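Tertiary structure, described
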Amino acid sequence: MPTTTAALSHGAATVAYDRTGSGPGLLLVHGTGATKEQWQPLTGAVADRFTVVAPDLSGSGATTDHGGPLTVADLADEVLAAADDAGLATFHLAGHSLGAVVAAHLAGTHPGRVRSLALHAAWVRTDARMAAEFRYWLALLRSDARHGTDLFVRMLPLMAFGPRYWERTDDTAYEALVGALAGAIAAGTDRQTEVDLTVDLGPLLGRIGAPTLVLASAHDRLIDAGQQQALLSGIADSRYAEIDAGHGAPGEDPEGFAAKLAAFLDERVAAEREPAGLR
């Protein structure tokens with residue numbers, strides 16, 4: 001597994017990432033509490049035509065750092081360091097949840113590097129209701145750490161999955177999911193949640209020049225429609241799409257989620273190849 005170094009606001013990080021496939025660069029950014037493994041379905045779907053680079057953010061997977069506070073800018077610097085180390089001068093860029101926020105930050109601060117941008121379950125600014133939710137997450141995580149309980153992972157499916165999941169599940173399946181999540185939640189989920197509390201992309205949206213897909217989940221109880229509209233209003237070349245899932249669409253419907261992103265990416269590559277006079 002390749003690694004590289006990124007300078008952060010409170011020290012440095014050794015960023016681990018996967019590099020798969022060949023073709024135009026595609027940089028993938030995971031969400032809070034996840035790892036680069038979140039992107040395996042999409043990687044499998046596009047590695048025959050993209051060079052896919054998927055880093056672990058600080059707090060996740062094999063990436064190590066100073067252990068102190070993090071910022072959205074820090075995480076964007078980690079993602080860019082992985083792209084640089086992998087030799088991607090320009091790249092398509094996709095992110096989920098906090099990863100989408102990080103991707104938007106990167107696209108706004110380094111617009112010349114980003115060929116297209118796909119944002120799933122992103123948000124512009126953490127409002128009061130979202131802040132209350134994130135503080136609840138932190139309370140659960142800290143209680144679990146003190147008492148050896150699993151309150152956070154029991155909450156996650158309630159927050160992340162939509163009606164289609166609950167219509168086809170039962171108690172046994174839910175308990176199996178909780179067990180799987182207990183072994184998959186990143187050790188630094190609390191640190192990433194602290195970053196969630198600080199999000200404010202407002203000053204950067206107007207600097208994003210890449211064609212952008214704003215992909216919402218129809219049953220997202222964390223990110224409301226107003227946040228999606230703010231992204232669409234703030235990013236000049238943006239369009240909207242929706243998936244029939246909850247906030248955690250990459251886990252709830254991995255094939256459907258990968259298919260929507262792959263279709264957008266293939267369209268963007270085709271558009272780049274089309275003679276300018278025919279666009």
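Rules of the game
Residues numbered from 1 in each chain as written. Predicted model: local features only at pLDDT ≥ 70, side-chain atom pairs only at ≥ 80, totals over all residues. Heavy atoms only, no water. Helix = DSSP H or I, 4+ residues; strand = E, 2+ residues; numbered from the N terminus. Rg over C-alpha atoms; globule rule 2.2 N^0.38 Å. Buried < 20%, exposed > 50% of the residue type's maximum accessible area, 1.4 Å probe, protein only. Contact = heavy atoms within 4.5 Å. Areas by Shrake-Rupley, 256 points an atom, 1.4 Å probe, with all protein chains shown as cover. Lys, Arg positive; Asp, Glu negative; His and termini not counted. Charge placed at Lys NZ, Arg CZ, Asp CG, Glu CD. 1 Å grid on protein atoms, 1.4 Å probe; cavity = no way out; pocket = protein on both sides within 12 Å on 5 of 7 lines; lining within 4 Å. Points joined across faces, edges and corners; volume = space filled by probe spheres on them. Nonpolar A, V, L, I, M, F, W, Y, C, P; charged D, E, K, R; others polar.

This part covers the overall build of the chain. Along its length, the chain carries 12 helices and nine strands. For 279 residues, the compact-globule formula gives about 19 Å, and the C-alpha radius of gyration of the chain, at 18 Å, lands near that figure. Seen through its principal axes, the chain has C-alpha atoms that stretch 60 × 45 × 35 Å. For the chain, buried positions account for 54% of its 279 residues. When contacts within the chain are restricted to residue pairs at least 6 apart in sequence, those whose partners lie at least 24 apart make up 77%. Carbon together with sulfur atoms contributes 54% to the accessible area of the chain, which is approximately 11300 Å² in total. Averaged over its 21 positive side-chain charges, the chain has a centre that lies 4 Å from the centre of its 34 negative ones.

Further remarks concern the layout of surface pockets. Of the voids in this model, the largest pocket is the one considered here, and its volume is about 670 Å³. Around the largest pocket sit 26 residues that line it, and A34, Q38, L181, I185 and G251 are the ones nearest its centre. Only α5 (151-160), α7 (171-182) and α11 (249-252) provide two or more residues apiece to the lining of the largest pocket. Counting residues per element, the lining of the largest pocket draws most heavily on α5, at five residues. Looking at the lining of the largest pocket residue by residue, the class counts come to 15 nonpolar, 10 polar and one charged. For the second largest pocket, the lining is made up of 14 residues, of which L141, D144, F152, I185 and A186 are closest to its centre. When residues of the lining of the second largest pocket are assigned to their parent elements, the largest contribution, four residues, is made by helix α4 (residues 128-147).

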